Amino acid sequence: MFETATITPVDGRVHIYFDDGEIASSIRAMRLERPGREPRVYLPLEDVHPQILEASDTTSEDEGLGAAHYYTIKTLTADGVDEAWYHPYAEGRYEPLRDLLTFGGDRIKISTTEV
């Protein structure tokens, strides 16, 4: 359905902040752009600070990407229930995003810096 969806590597280093604290930093991030939706940035689990993600029982379905499995972000200052997720079965045009994490919620901020 999303024939014009594009997945591209992000130039530079992507920084993910939760509740004003950096929780991830990656030079391997990918950007998904689809008409009518906000662009999403995805990055490898290895680039997220260790021990801040707790697996959630929440799942959902996304047309194109398939099933999404969620994590709760847990830091010293706050918890973000189901504010990180990944698509373990993404295939076809979305396969480059398989198992990469993306983040959402009011307390998530994303910035990019030059490497």
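Being a predicted model, the structure only gives us computed values, none of them experimental.

Within the secondary structure, Ser25 is located in strand S3 (residues 21-26). Among the polar contacts listed, one links the side chain of Ser25 to the side chain of Arg13, at a separation of 3.0 Å. With residues near it in sequence (within four places) discarded, Ser25 still touches Arg13, Val14, His15 and Asp47.

Spatially, three strands are ordered S1-S4-S5 in an open sheet, and the strand pairing comes out antiparallel. Every other strand in the sheet has two partners, leaving strand S1 (6-9) and strand S5 (40-42) as the edge strands with one partner each. Neighbour-to-neighbour, the strand axes of this sheet turn through a mean angle of 25°, independent of strand direction.

Once that is clear, we can look at unusual backbone geometry. Although it is not a glycine, Asp19 sits at a positive phi angle of roughly 55°. Judged by relative accessible area, which is 30%, Asp19 ranks as partly exposed. The backbone phi angle of Asp20 is positive, close to 70°, even though this residue is not glycine. Within the fold, Asp20 resides in the loop between strand S2 (13-18) and S3.

Further remarks concern the sheet that holds S2. The three strands lie next to each other as S3-S2-S10, forming an open sheet whose pairing is antiparallel. The sheet terminates laterally at S3 and strand S10 (108-113), the two strands that pair on one side only. Adjacent strand axes in the sheet meet at a mean angle of 25°, parallel and antiparallel pairs treated alike. For S2 and S3, the ladder comprises five bridges, and the chain directions are antiparallel. Note that in S3 the partner of Val14 across the bridge is Ser26.

Time to look at the pattern of salt bridges. The full count for this structure, using the stated rule, is seven salt bridges. Notably, a salt bridge pairs Asp79 with Lys74, separated by 3.2 Å at the nearest N-O pair. What you see here is one network of salt bridges that share partners, running through Arg28, Glu46 and Asp47.

A word on the UniProt feature "domain: DUF427" (unreviewed entry) in the protein. Per the UniProt record, "domain: DUF427" (unreviewed entry) is annotated on residues 14-103. Taken as a whole, residues 14-103 contains 0% helix and 53% strand, while its terminal C-alpha atoms sit 12 Å from one another.

For the rest of this paragraph, the subject is the environment of Thr72. Secondary-structure assignment places Thr72 in strand S7 (residues 66-74). The class of Thr72 is buried, set by a relative accessible area of 10%. If we ignore the near neighbours within four places in the chain, the residues touching Thr72 are Ile52, Leu53, Glu54, Ser56, Gly80, Val81 and Asp82. Engagement of the side chain of Thr72 in a polar contact is seen with the backbone nitrogen of Asp82, the distance being 3.4 Å.

Parameters at a glance
Residues numbered from 1 in each chain as written. Predicted model: local features only at pLDDT ≥ 70, side-chain atom pairs only at ≥ 80, totals over all residues. Heavy atoms only, no water. Helix = DSSP H or I, 4+ residues; strand = E, 2+ residues; numbered from the N terminus. Polar contact = N/O pair within 3.5 Å; in protein donor to acceptor, adjacent residues only side chain to side chain. Contact = heavy atoms within 4.5 Å. Pairing = 2+ DSSP bridges. Axes fitted to C-alpha atoms, helices over the stretch in contact; angles between N-to-C directions. Buried < 20%, exposed > 50% of the residue type's maximum accessible area, 1.4 Å probe, protein only. Salt bridge = Lys/Arg side-chain N within 4 Å of Asp/Glu carboxyl O. UniProt positions renumbered as here; feature names shortened; annotations may be inferred.

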